[in-house]
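Residue strings, one per chain:
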Amino acid sequence: MGSFFSDNGDRNSLSSPPMKLRLVVCVLSLALSGVVSSLAADVMKGGPAKAAPLHKTFSLKTASFTLDFEVGDDGRLYQTPIGVTSADRKPQRIDEAYPQAGDGYIYEPAIQVVHADGNTSTALLFEGVTRTNEADGRELMRIQLRDPAYPFEVALCFRAQRDRDVVEQWTEICHQESGPVTLERMASASPAFSTNIFLTHFAGDWAKEMLSPITEQLTPGTKVLDSKIGMRAHQFGNPSFVLSLCGPPTENSGQVLAGSLAWSGSFALAFDHNGQRVRALCGVNPYASAYHLKPGETFVTPTMIWVWSGNGLGEMSRKFHAWARDFGIRDGHKTRSVLLNNWEATGFDFDFNRIVSLYDPAKEIGTELFLLDDGWFGNKYPRVNDHAGLGDWEPNRQRLPQGLAPLAAEANKHGLQFGIWIEPEMVNPKSELFDKHPDWVIRQPKRELELQRNQLTLDLTRPEVQTFEWQVISSTLGVPGISYAKWDCNRYLTQPGSSWLGPDRQSHLWIDYVHALYALMDKTAKAFPDTELMLCSGGGGRADYGALRYFHEFWPSDNTDPVARVAMQWDYSYFFPSMALAGHVTHWGKRPMHFACSVAMSARFGMDLDLVKLSAGDKAICAGAISAYKKIRDVTQLGDVYRLEPPHDAARGALNYVSPDRTRAVVFVFQLKDAEALPVHPQGLDPAKHYSVHELNPAPGRAALPQEGNALTGAELMQDGIVPCCAKAVEACVVELALTP
Ligand code: GLA
């Protein structure tokens, strides 16, 4: 493997971390270990852009996806556009694999550089390609490119997982020029496509995350999905999309390619339609992010994850989820506990006795993990509301005189795991931390401080802040009995100034912040391997595979209205497995408890309710849902999803999960408007086998499922369907199918 390849002995296969600078000696030659293609020998090293004639081709292949490359007569690297047959085409500049600004390419470039001598052009010639078998069915391909006039190199890196049809792609940039080189643009990936392409993306807002999927045919011009808020991927969208060839995507047919950028900062996903080709340029947002790369440093872009399916969105998601369970999230093969959060029950208003009084009801109803939310810290400025105390992470002596340990111990005694809320990156101006270190915050000099939720972000590029945040995390998670944490992040960057970075490197803030954040998350995951971690960020701001690799799950939205969640969960499920999606039962929307529980059961089930105040009827429904959920969570969390009926603007939504061995399935039907109860048709069952039909946690007072107790073949169930016992708005029906002996 190349001497500057990122370590892959890590927990998962994402290049690790997704983007970083490595202070290694940049190897400006083909001194790559492993197999160097014979092409390398044919290519003129250095010299002018007109190299010896070459018509060499090579491909990146998975089971059903191929990316064809060709080295042109000019020595440049070309890619056959996806959706175009290679037979009748000759390489042209619009087909360059990784187009460079300033030397002839006139559309959106993948890379734009100011060299040490001020030259604003870059030319990249093919040097060689290496292929390394990392594991059975997993190959790393590195294509080495070099500027003939400068000691400046780019490696296009692809990790192809053959049977999964998954490709992780990133780019590494290094040089040995006489001084720093400024990277103005540095895409992770820049694949070219034919022009008949449809893009599906997900606009949103706070409490509306993933609620508005948009599918549009790309037309001439550049469509850009991006964010410019620095320390989280988004508030108004998600760095994930689907491209479909030859028409809008459908669930069970058609060629589709999912793309997701593993990056928790400002990103740009640009789709440049130049009339002849569409090029997707995916990576960090170049906006205000010029990066001064010193000689010998390597800039590693974040990883782009691509998942291909020739059979529509359903297969695409199942492949994506299987990859995520193995490589994208932590402990992807371990089912998650049922969680109870105190936030809705107590808000900021609690003390030791109040929290302990919640444990008996929590245990009785069947929850397994108690999460203590915000409000447990701060002494000089107690955290009794969101105006003060953030940054002062000592337990409040009045509320918790003995600290967190007895609370956790008491939970453990009740047979409950104990979790804790932290927001280590933030500070309230009204805090001891801010009194002591006003220069630790991200802000712009000479500008009035702009607060969001009364708080500011600590400048994680500053070493003292890194040490401080690690101390907060390690001392909190190190409390005996704590085995879960919700890592919150309730604001984003609006005044991106760092007193640490100095005048020349202000534009590094966006990128260096995320590097430092990943280093902290990585350290946390390694130091606390048995502690489960949830990402939360003003709702779903950190729903991305950059951060998720250190976490178990994310908070999809502050909106917990189950009606909204039906659509949100559907849309997140294109890219994320249900075990990564926290779904909590709350009173939001004032929906019937049975409906709220059923919707949460199709995600990672949790509750945020005051159990003491629940009516006996609702308590029984919750207890029934928890008990049913424990029986089926291995199917919903570890099984394959089949999206059956889209809920957007529809009378109902339906989906089912199937266990990997196809012996069990769970069907969910969520009624959103009054309508006739038509059969729902599950998918993915073994057609020849018999399954017994059983409704889980039926809603009180409703007629039994017509097929309750029947044993039907998979074929019958899939063809004739199951008639659900829900027909009115906000009714739900959850049906278990289990192979009969
Ligand atoms: C955010 C989260 C809530 C809760 C509060 C605590 O708003 O979304 O669930 O944790 O912070 O302040």
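Residues numbered from 1 in each chain as written. Predicted model: local features only at pLDDT ≥ 70, side-chain atom pairs only at ≥ 80, totals over all residues. Heavy atoms only, no water.

J.: Break down the site of the ligand for me, citing the residues and quoting the values.
T.: Every residue close to the ligand is listed here: Trp343, Asp373, Asp374, Trp421, Arg453, Lys486, Asp488, Asn490, Cys536 and Asp558. Interatomic distance of 2.6 Å between a side-chain N/O atom of Asp373 and an oxygen atom of the ligand. A distance of 2.8 Å separates an oxygen atom of the ligand from a polar side-chain atom of Arg453. Surface burial for the ligand is 91%, taken as the share of its 310 Å² of free accessible area covered by protein chains. Classifying every residue of the shell around the ligand gives 3 nonpolar, 1 polar and 6 charged. (Near = heavy atom within 4 Å. Polar contact = N/O pair within 3.5 Å; in protein donor to acceptor, adjacent residues only side chain to side chain. Areas by Shrake-Rupley, 256 points an atom, 1.4 Å probe, with all protein chains shown as cover. Nonpolar A, V, L, I, M, F, W, Y, C, P; charged D, E, K, R; others polar.)

J.: Run through the domain arrangement of the protein chain, naming residues and quoting values.
T.: Much of the literature gives interface size as the accessible area that the parts lose upon coming together. Entries for the protein chain in the domain assignment read domain 1 (37-328), domain 2 (339-558) and domain 3 (641-739). With centres defined by C-alpha atoms, the gap from domain 1 to domain 2 works out at 35 Å. Each side of the interface is counted separately: domain 1 has 36 residues, and domain 2 has 35 residues. Both faces combined, the contact of domain 1 with domain 2 buries some 2600 Å², and carbon together with sulfur accounts for 58% of it. (Domains from an automatic or database assignment. Contact = heavy atoms within 4.5 Å. Buried area = accessible area lost by both parts, 1.4 Å probe.)

J.: I'd like to hear about the packing of helix α11 (residues 562-572) against helix α12 (residues 593-601), residue by residue, with values.
T.: One way to put it is that α11 packs onto α12 with a least axis distance of 9 Å and a crossing angle of 20°. Between α11 and α12, the angle falls in the class roughly parallel. For the crossing formed where α11 meets α12, the hand is left-handed. Of the residues in α12, those touching α11 at Pro562, Val563, Arg565, Val566 and Gln569 are Phe595, Ala596 and Val599. For the contact of α11 with α12, a count of residues per class yields 6 nonpolar, 1 polar and 1 charged. (Axes fitted to C-alpha atoms, helices over the stretch in contact; angles between N-to-C directions. Helix = DSSP H or I, 4+ residues; strand = E, 2+ residues; numbered from the N terminus. Parallel < 35°, antiparallel > 145°, perpendicular 65-115°, else oblique. Left-handed = near helix turned anticlockwise from the far one by under 90°.)

J.: Which residues make up the sheet that holds strand β35 (residues 664-671), and what values do they have?
T.: Strand order in the open sheet made by the 6 strands is β33-β34-β35-β38-β36-β37, with antiparallel pairing throughout. One side of each edge strand has no neighbouring strand; the edge strands of this open sheet are β33 (640-645) and β37 (711-713). Strand-to-strand twist of the sheet, defined as the mean angle between neighbouring strand axes without regard to direction, takes the value 25°. Judged from the 7 bridges that link them, strand β34 (residues 652-658) and β35 form a sheet pairing that is antiparallel. Pairing of Val658 across the sheet is with Ala665, part of β35. Each of β35 and β38 (732-739) touches α12; the most contacted strand, β35, lies at about 135° to it. (Pairing = 2+ DSSP bridges.)

J.: An account of the pattern of salt bridges is requested, with residue identities and associated values reported.
T.: The tally for this structure, following the rule as stated, stands at 37 salt bridges. For Asp439, the salt bridge is made with Arg462, and the minimal N-O distance between the two is 4.0 Å. Residue Asp439 is found in the loop between α7 (432-436) and β27 (456-457), and its partner Arg462 is found in the loop between β27 and α8 (463-477); the two are separated by 23 residues along the sequence. The class of Asp439 is partly exposed, set by a relative accessible area of 37%. One salt bridge connects Asp686 with Lys689, and the closest N-O pair in it is separated by 3.3 Å. Of the residues examined, Lys689 reaches a relative accessible area of 40% and is grouped as partly exposed. (Salt bridge = Lys/Arg side-chain N within 4 Å of Asp/Glu carboxyl O. Buried < 20%, exposed > 50% of the residue type's maximum accessible area, 1.4 Å probe, protein only.)

J.: Got a sec to walk through the packing of aromatic side chains? Specific residues and values, please.
T.: Two aromatic rings, taken as a pair, are described by how far apart their centres are and by the angle between their planes. Evaluated as defined, the whole model comprises 38 aromatic pairs. Note on Tyr105 and Tyr107: the rings are 5.8 Å apart at their centroids and 80° apart in plane angle, and the pair reads as edge-to-face. Ring centres 5.1 Å apart and planes at 80° place the aromatic pair Trp376 and Phe377 in the edge-to-face group. Judged on exposure class, the residue Trp376 and its partner Phe377 are both buried. An aromatic cluster of three or more residues is present, and its members are Phe202, Phe320, Trp323, Tyr545, Phe554, Tyr572, Tyr574, Phe575 and Phe576. (Phe/Tyr/Trp six-rings, centres within 6.5 Å; stacked < 30°, edge-to-face > 60°.)

J.: Give a detailed account of the packing of α12 against helix α13 (residues 616-638), specifying residues and quantitative values.
T.: Any two packed helices are characterised by how steeply their axes cross, that is the angle between the axes, and by the distance between the axes. Running from N to C, α12 and α13 cross one another at 15°; their axes reach a closest spacing of 10 Å. Considered as vectors, α12 and α13 are oriented roughly parallel to each other. Judged by the sense of rotation from one axis to the other, the crossing of α12 with α13 is right-handed. Residue-level contacts link Met593, His594, Cys597 and Met601 of α12 to Asp618, Ile621, Cys622, Ala625, Ala628, Tyr629, Ile632 and Thr636 of α13.

J.: Report on the pairing of strand β31 (residues 582-585), specifying residues and quantitative values.
T.: Side chains Ala582 and His584 project from β31 onto one buried face, and the interleaved Gly583 and Val585 project onto a second face that is buried too. For β31 and strand β32 (residues 604-607), the ladder comprises 4 bridges, and the chain directions are parallel. Along β32, the bridge assignment pairs Ala582 with Arg604. Read as a crossover between parallel neighbours, the route from β31 over α12 to β32 is right-handed. (Right-handed = clockwise from strand over helix to strand, strands pointing away.)

J.: Before we move on, could you go through the sheet that holds β32 and cite the residues and values that matter?
T.: Sheet architecture is open: 8 strands sit in the order β30-β29-β28-β25-β24-β23-β32-β31, paired in parallel fashion. Of all the strands in the sheet, the pair left with one neighbour each is β30 (553-554) and β31. Sheet analysis places strand β29 (residues 532-535) next to β30, joined by 2 bridges and oriented parallel. For Met534, the partnering residue across the bridge sits in β30 and is Glu553. Each of β28 (482-487) and β29 touches helix α9 (residues 509-527); the most contacted strand, β28, lies at about 165° to it.

J.: Could you give me a rundown of the side chain of Arg336, with the residues and numbers involved?
T.: On the secondary structure map, Arg336 appears in the loop between α2 (312-328) and β23 (339-341). It is Glu532 that comes nearest to the buried, bridge-free Arg336 among opposite-charge side chains, at 4.4 Å. A polar side-chain atom of Arg336 sits 3.4 Å from the main-chain carbonyl oxygen of His552. Once residues within four sequence positions are removed from consideration, Arg336 is found in contact with Ile329, Arg330, Asp331, Glu532, His552, Met579, Arg604, Arg633 and Gln637. (Lys, Arg positive; Asp, Glu negative; His and termini not counted.)

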